[in-house]
Amino acid sequence: PGDNRGIDVSSSLDGKTVVIGGNTLAIWKHNGTTWETFPLIPDAGDKIALSGDGNHILVNSKVSKQKLYTYDVSTSTWQVEMETNCPAYSWYRYPTCINFDGTVIAMLDERNSKVIVYKNKTVFQEIPLLFVNTSPEKISVFLSCKGTRLIIIDNLADNETVPQAGKMYVYDYNNYFYFNFDVSA
């Protein structure tokens, strides 16, 4: 009670790892017969992203930088693998995503109007948002399983007179950087 649990939920591709966000982060892994629970991660915040393989969790923090946790199979514990460059204000309640194996991360840095892409735990590319005056709640960020396609959606333009007027930008990775295709209507 009072921990806002259930604000965000994420599961692995096979459904054997489930993470529930709130003021604390609750984690369950199915070991084949029963569900294992892990100690709660405090000060987690509302937004989480779980990799498809279920071994990496990107967690926002209300008090520090965002952290990538990795599951250590040998000790059956979650360890902090990296901290991002985005301070707590930048990701709290805002979009973020992670690819299947946890090697590519994309997150919105709304204060600096960009999406930051991390590859192998280092900043790979900073993509300026192509739209202005957009509320962070109106932006969605998606990453493909392989991490080779990034999609940024701005639905601020949607309104009663012009429904579905938002914009979608697709960025494809070409072994050097992500480049944009504007697929807006």
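To be clear, the structure that these remarks concern was listed above.
What counts, and where the lines are drawn
Residues numbered from 1 in each chain as written. Predicted model: local features only at pLDDT ≥ 70, side-chain atom pairs only at ≥ 80, totals over all residues. Heavy atoms only, no water. Pairing = 2+ DSSP bridges. Helix = DSSP H or I, 4+ residues; strand = E, 2+ residues; numbered from the N terminus. Axes fitted to C-alpha atoms, helices over the stretch in contact; angles between N-to-C directions. Buried < 20%, exposed > 50% of the residue type's maximum accessible area, 1.4 Å probe, protein only. Lys, Arg positive; Asp, Glu negative; His and termini not counted. Salt bridge = Lys/Arg side-chain N within 4 Å of Asp/Glu carboxyl O. Polar contact = N/O pair within 3.5 Å; in protein donor to acceptor, adjacent residues only side chain to side chain. Contact = heavy atoms within 4.5 Å. Phe/Tyr/Trp six-rings, centres within 6.5 Å; stacked < 30°, edge-to-face > 60°. Lys NZ or Arg CZ within 6 Å of the ring centre and 35° of its normal. Core = buried A, V, L, I, M, F, W, Y, C linked by side-chain atoms within 4.5 Å.

Visitor: Describe the sheet that holds strand β8 (residues 77-83), with residues and values.
Guide: As a general point, the strands of a sheet are linked pairwise by backbone hydrogen bonds and lie either parallel or antiparallel. Taken together, the 4 strands give an open sheet; going across it, the order is β5-β6-β7-β8, and neighbouring strands pair in antiparallel fashion. Bordering the open sheet on either side are β5 (48-50) and β8, each of which pairs with just one other strand. Neighbour-to-neighbour, the strand axes of the sheet open up by a mean angle of 25 degrees, direction not taken into account. In this structure, strand β7 (residues 67-72) lies alongside β8, joined through 6 bridges in antiparallel fashion. Across the sheet, the residue bridging to Leu68 is Met82, located in β8.

Visitor: Describe the side chain of Lys29, listing the residues and the values that go with them.
Guide: Structurally, the position occupied by Lys29 is in strand β2 (residues 17-30). No salt bridge forms around the buried Lys29; measuring N to O, its nearest opposite-charge neighbour Asp14 is 7.2 Å away. Polar contacts involving the side chain of Lys29 include one to the side chain of Thr17, which spans 3.0 Å. Here the side chain of Lys29 touches Gly54 through a polar contact of 3.3 Å, landing on its backbone oxygen. The residues touching Lys29, leaving out its near neighbours within four places in the chain, are Lys16, Thr17, Thr34, Trp35, Glu36, Phe38, Gly54, Asn55, Tyr71 and Trp78.

Visitor: Describe in detail the packing of aromatic side chains, supporting the description with residues and values.
Guide: Following the criterion strictly, the structure yields 1 aromatic pair and no others. Relative to Tyr173, the ring of Phe124 lies with its centre 5.6 Å away and its plane at 65 degrees, an arrangement referred to as edge-to-face. Of this pair, Phe124 sits in strand β12 (residues 122-128) while Tyr173 sits in strand β15 (residues 167-173), and the two are 49 residues apart along the sequence. Of the residues examined, Phe124 reaches a relative accessible area of 29% and is grouped as partly exposed. Lys119 extends its terminal NZ or CZ atom over the ring of Phe124, reaching a point 5.2 Å from the ring centre.

Visitor: So what about the environment of Val123? Which residues, and what values?
Guide: Structurally, Val123 is set in strand β12. Put simply, Val123 and Ala106 are 17 residues apart on the chain and 9.7 Å apart in space, counted from C-alpha to C-alpha.

Visitor: Talk me through the side chain of Lys114; I want residue IDs and the actual numbers.
Guide: Secondary-structure assignment places Lys114 in strand β11 (residues 114-119). At a separation of 2.7 Å, a polar atom in the side chain of Lys114 contacts the side chain of Glu126. With residues near it in sequence (within four places) discarded, Lys114 still touches Met107, Leu108, Asp109, Glu126, Ile127, Pro128 and Leu129.

Visitor: Account for the nonpolar core, with residues named and values stated.
Guide: One finds Val115, Leu150 and Tyr178 to be the most contacted residues of the largest nonpolar core, which totals 16 residues. Mapped onto this core, the elements with two or more residues apiece are β10 (104-109), β11, β13 (139-143), β14 (149-154) and β15. In this structure, Val115 is in contact with Ala106, Met107, Leu108, Gln125, Glu126, Ile127, Leu129, Val141, Leu150 and Ile152, ignoring residues within four places of it in sequence. Formed by 11 residues, the second largest nonpolar core is a distinct cluster that contains Val19, Leu25, Ile48 and Leu50.

Coordinates in, geometry out; function isn't part of it.
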